Amino acid sequence: AAFTIEASFKASDRVTGYHTIVGRDAAQVATENGALAALYFQAMPNKTLAIKFTDQDGYFHQAVSAADIFVADQWYNMVGVSDGSTLSLYLNNKLIAQTDMTLSGSTDTAMTYGTASGGDWEAGTWSIGRGLYNSGHVDRWYGLIDEVRISDSALDRKSTRLNSSHVSQ
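Keep in mind that this is a model prediction, so the values were computed, not measured. (Residues numbered from 1 in each chain as written. Predicted model: local features only at pLDDT ≥ 70, side-chain atom pairs only at ≥ 80, totals over all residues. Heavy atoms only, no water.)

### Observations regarding the sheet that holds strand β6 (residues 75–83)
Ordered by their spatial adjacency, five strands build an open sheet running β8-β7-β6-β1-β12, and the pairing between neighbours is antiparallel. A single partner strand is all that each edge strand has here, and the edge strands are β8 (94–100) and β12 (143–151). Shown here is a sheet whose adjacent strand axes are inclined to one another by a mean of 15°, direction ignored. Pairing of strand β1 (residues 2–11) with β6, which is carried by nine bridges, proceeds in the antiparallel orientation. (Pairing = 2+ DSSP bridges. Helix = DSSP H or I, 4+ residues; strand = E, 2+ residues; numbered from the N terminus. Axes fitted to C-alpha atoms, helices over the stretch in contact; angles between N-to-C directions.)

Okay, structure coming up:
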């Protein structure tokens, strides 16, 4: 149930809606909405950032930042961490969103792998720069993505690349 996803990104001024930095393909995994994929590590409308994923029990968990958390043409480091009970989102070494997953009622908060595949995607496959919704490629990223790392443990902040050279000081 533990994982860490890290990425450095620089958004263009075209990032205004839903744009996925890292995704994981799957369909019919979230009980609340079968169109959702297994994971979205993304920018959203109003310049918010989020980590969202579906667990093994079909529960959809998300940690979403406040609005106007980033601007175009500046490098950022974003890290999402699940320790199995808490989902946390960091931007440039600062906690920007957190969710208590134990409140969902799920008995298995491990990220789902999924079983359904489509014509041009396979369940469990990771994607960089796009998401999947309703079995179609969506949410393309406009800008730069660098230093993506996916770990099968909940790394602490000292073990992540939060202090990468991409961060504007």
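### Thoughts on unusual backbone geometry
Its identity as a non-glycine residue notwithstanding, D68 has a phi of 55°, on the positive side. Structurally, D68 can be placed in the loop between β5 (60–64) and β6. Exposure remark for D68: the relative accessible area of 62% places this residue in the exposed category. With phi around 55°, E147 is a residue other than glycine that occupies positive phi space. Within the secondary structure, E147 is located in strand β12. Take E147: its relative accessible area is 24%, and that puts it in the partly exposed class. (Buried < 20%, exposed > 50% of the residue type's maximum accessible area, 1.4 Å probe, protein only.)

### Remarks on the sheet that holds strand β4 (residues 48–54)
What the five strands build is an open sheet, ordered β5-β4-β3-β2-β9; its pairing is antiparallel. Looking along the sheet, the strands with just one partner apiece sit at the ends: β5 and β9 (126–128). If you compare each strand with its neighbour and ignore which way they point, the axes differ by 15° on average. Sheet analysis places strand β3 (residues 39–44) next to β4, joined by six bridges and oriented antiparallel. Within β4, the residue paired with L39 across the bridge is F53.

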